[in-house]
Every structure is written in structure tokens, then in C-alpha cells.
Amino acid sequence: MEMTECINFLLTQAQQKVFKYLKSELEPFNVTPVQYGVLQCLWDEGSQNPKQIGNVLGLDSSTITGILDRLENKALIMRNTYTGDRRTIKVELTEEGSKLREPIGKIIEEVNIEVLKEFSSEEKRQLREYLERI
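Residues numbered from 1 in each chain as written. Predicted model: local features only at pLDDT ≥ 70, side-chain atom pairs only at ≥ 80, totals over all residues. Heavy atoms only, no water.

1. A look at the packing of aromatic side chains
Under the counting rule described, the total for this entry stands at 1 aromatic pair. Note on Y36 and W43: the rings are 6.4 Å apart at their centroids and 55° apart in plane angle, and the pair reads as tilted. Just as Y36 is buried, W43 falls in that class too. (Phe/Tyr/Trp six-rings, centres within 6.5 Å; stacked < 30°, edge-to-face > 60°. Buried < 20%, exposed > 50% of the residue type's maximum accessible area, 1.4 Å probe, protein only.)

Spelled out as C-alpha cells, the structure:
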């Protein structure tokens, strides 16, 4: 099989192009696409533990820990422990992290529009369905 016919190659190429574009659009906010994923989890569901966030994003605990460290250093999130159990950590947005929801949400919307601009409404629906099935 030719490499260009391999589904992994095609998906990786597409993902890299979208990732690069999204990364450049998020740069003014000093947030990476993966960090955006964590913020979106918190914007959608409120405080969560690291495992919950990792499960949604498909990231292992060591990866999520590093991402949380960087977001905490940027003062966008904070990690709190329960008073009854210091082993239980909840990740929460700071005021600065909460303020980014609207401007970053607009960026995400614009990136989606730009990336999918050549697709008809039906093609967009099908693409989303196919990707979800994979």
C-alpha cells in the first residue's frame, strides 16, 4: 500500500494542518491547542479532577499533569485539594481562565469555518460522522 493511501497518514496530515493553523490563531492568548482542550472541559463542566479531563481529551495522567502545570503557571487554572482527602484534586478556572472563554470560542468557531469552507453542509455532516465512527 502506498503511504498516501494509508488512513493513518491522511488523518495525521489533516490533523497537523489544522493543529498548526489553530496554534497560530491561539498564540495571542498564550494558549496551545491542547491547553485549549483543558480550558474547554472546564468551561463546559466546571471543576473536575485531572482524570476526568484526561478521559475527555484522551490523555494519560502524566501528560495531563504537565498541561495543568503550564496552565497553572499562566494563572488560568488552579488545583485545589478537598479538605477531607488531600489526595483528591479538583481543577478550577481562575478569573483569567474564565475570561478567555468568549474570545477563544470565537477563534475556534472561525478556525472551524475556515478549515471546512470548501465542504458543503452535507459533506461537513458526513465528515463529522465518519470521524466519530473511527
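Next comes the rest of the description.
2. Some words on the packing of helix 2 (residues 33–45) against helix 3 (residues 50–57)
Close contact between helix 2 and helix 3 brings their axes to 10 Å; oriented N to C, the two are set at 115°. Between helix 2 and helix 3, the angle falls in the class roughly perpendicular. Relative to helix 3, the crossing made by helix 2 is right-handed. Facing helix 2, whose interface residues are G37, V38, C41 and L42, helix 3 presents I53, V56 and L57. Classifying every residue of the contact of helix 2 with helix 3 by side-chain character gives 6 nonpolar, 1 polar and no charged. (Axes fitted to C-alpha atoms, helices over the stretch in contact; angles between N-to-C directions. Helix = DSSP H or I, 4+ residues; strand = E, 2+ residues; numbered from the N terminus. Parallel < 35°, antiparallel > 145°, perpendicular 65-115°, else oblique. Left-handed = near helix turned anticlockwise from the far one by under 90°. Contact = heavy atoms within 4.5 Å. Nonpolar A, V, L, I, M, F, W, Y, C, P; charged D, E, K, R; others polar.)

3. A closer look at the layout of surface pockets
Reported here for the largest pocket is a volume of approximately 1,000 Å³. Lining the largest pocket are 23 residues, with A14, Q15, V18, N112 and L131 sitting closest to its centre. Going through the elements one at a time, helix 1 (7–26), helix 2, helix 6 (101–115) and helix 7 (121–133) are the ones with two or more residues in the lining of the largest pocket. With 7 residues, the top contributor of residues to the lining of the largest pocket is helix 1. When the residues that make up the lining of the largest pocket are grouped by side-chain class, the tally is 17 nonpolar, 3 polar and 3 charged. (1 Å grid on protein atoms, 1.4 Å probe; cavity = no way out; pocket = protein on both sides within 12 Å on 5 of 7 lines; lining within 4 Å. Points joined across faces, edges and corners; volume = space filled by probe spheres on them.)

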